Amino acid sequence: MTRSGLAALAVVLLAMPLAVVAVADDAVAPPGAPATAPPAAAKPQSPNVRIVFTVLPSTKKATVFWGKKKLGAIAPHAPLIVQRPRDSGPLDVVVRADGCVPVQTRAYTFEDSKVAVKVTPNDEKNTLLGYREEIPAGDGGMPASAPDGGVP
């Protein structure tokens, strides 16, 4: 297919959903049909949202930090509930548990939400995606006798 053919196809595909929406908006009830009641008023939203933090496995005790500020502790078998103003922006938090790799995550304040964090023990961190072996202490394989790399 040529570029002009692809461009015409893209324009047609983009215009199709708009036409469907326009038809749905223009739909009118036939004469003699009973009038429908307006939709019920939605329950007003509270000015705050609740963010519930839990940790997996639930037997671990963890602490949730937002930057340097400690938001609270997650007790074993109990969540941490944080209240924030609605639509106040994302919360980038770090969850730290004793003997486990710290986990960075984000919680949103659009609506009430739950954040479940799986913690990994330090001795199992090689099972995580993106794990890299630690560089051994010392010279790292570079001979000490030729600091310039052997270039004359």
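Turning our attention to the overall build of the chain. Within the chain, the secondary structure is distributed over one helix and seven strands. In sequence order, the chain lays out its α and β elements as α-β-β-β-β-β-β-β. The buried share of the chain, taken over its 152 residues, is 17%. Contacts in the chain between residues far apart in sequence, at least 24 positions, make up 52% of those at least 6 positions apart.

Quick look at the nonpolar core now. Judged by nonpolar contacts, the single largest core of 17 residues is most densely connected at Phe 53, Val 64 and Ile 74. Counting residues per element, the ones that place at least two in this core are strand E1 (48-56), strand E2 (62-66), strand E4 (80-85), strand E5 (91-97) and strand E7 (113-118). Those residues within four positions of Val 64 in sequence are excluded, and the remaining contacts are Phe 53, Lys 69, Lys 70, Leu 71, Gly 72, Ile 74, Leu 80, Val 93, Val 94 and Val 95.

Here we have four strands laid out as an open sheet, ordered E3-E2-E5-E6, and antiparallel in their pairing. Each end of this open sheet is capped by a strand with a single partner; those strands are strand E3 (69-74) and strand E6 (103-107). Each neighbouring strand pair of the sheet contributes to a mean axis angle of 30 degrees, computed without reference to strand direction.

All right, on to the sheet that holds E1 then. Judged by pairing direction, the sheet is mixed, and its three strands sit side by side in the order E4-E1-E7 without closing on themselves. Two strands close off the open sheet at either side, each with one partner strand: E4 and E7. Each strand axis lies, on average, 25 degrees off the axis of its neighbour in the sheet, ignoring direction.

Moving on, we get to the pattern of salt bridges. As enumerated under the stated definition, the model contains two salt bridges in all. Between Asp 92 and Arg 106 there is a salt bridge, with its nearest N and O atoms 2.6 Å apart. Of this pair, Asp 92 sits in strand E5 while Arg 106 sits in strand E6; the two residues are 14 residues apart in sequence, bridging distant segments of the chain.

On the basis of relative accessible area, Asp 92 is assigned to the partly exposed category, the value being 40%. Each C-alpha atom of the pair Asp 92 and Arg 106 lies 4.5 Å from the other, and the pair is 14 residues apart in sequence. Those residues in contact with Asp 92, other than ones at most four positions away along the chain, are Phe 65, Trp 66, Gly 67, Thr 105 and Arg 106. One polar contact links Asp 92 to Arg 106, side chain to side chain, over a distance of 2.6 Å.

The rules behind the values
Residues numbered from 1 in each chain as written. Predicted model: local features only at pLDDT ≥ 70, side-chain atom pairs only at ≥ 80, totals over all residues. Heavy atoms only, no water. Helix = DSSP H or I, 4+ residues; strand = E, 2+ residues; numbered from the N terminus. Buried < 20%, exposed > 50% of the residue type's maximum accessible area, 1.4 Å probe, protein only. Contact = heavy atoms within 4.5 Å. Core = buried A, V, L, I, M, F, W, Y, C linked by side-chain atoms within 4.5 Å. Pairing = 2+ DSSP bridges. Axes fitted to C-alpha atoms, helices over the stretch in contact; angles between N-to-C directions. Salt bridge = Lys/Arg side-chain N within 4 Å of Asp/Glu carboxyl O. Polar contact = N/O pair within 3.5 Å; in protein donor to acceptor, adjacent residues only side chain to side chain.

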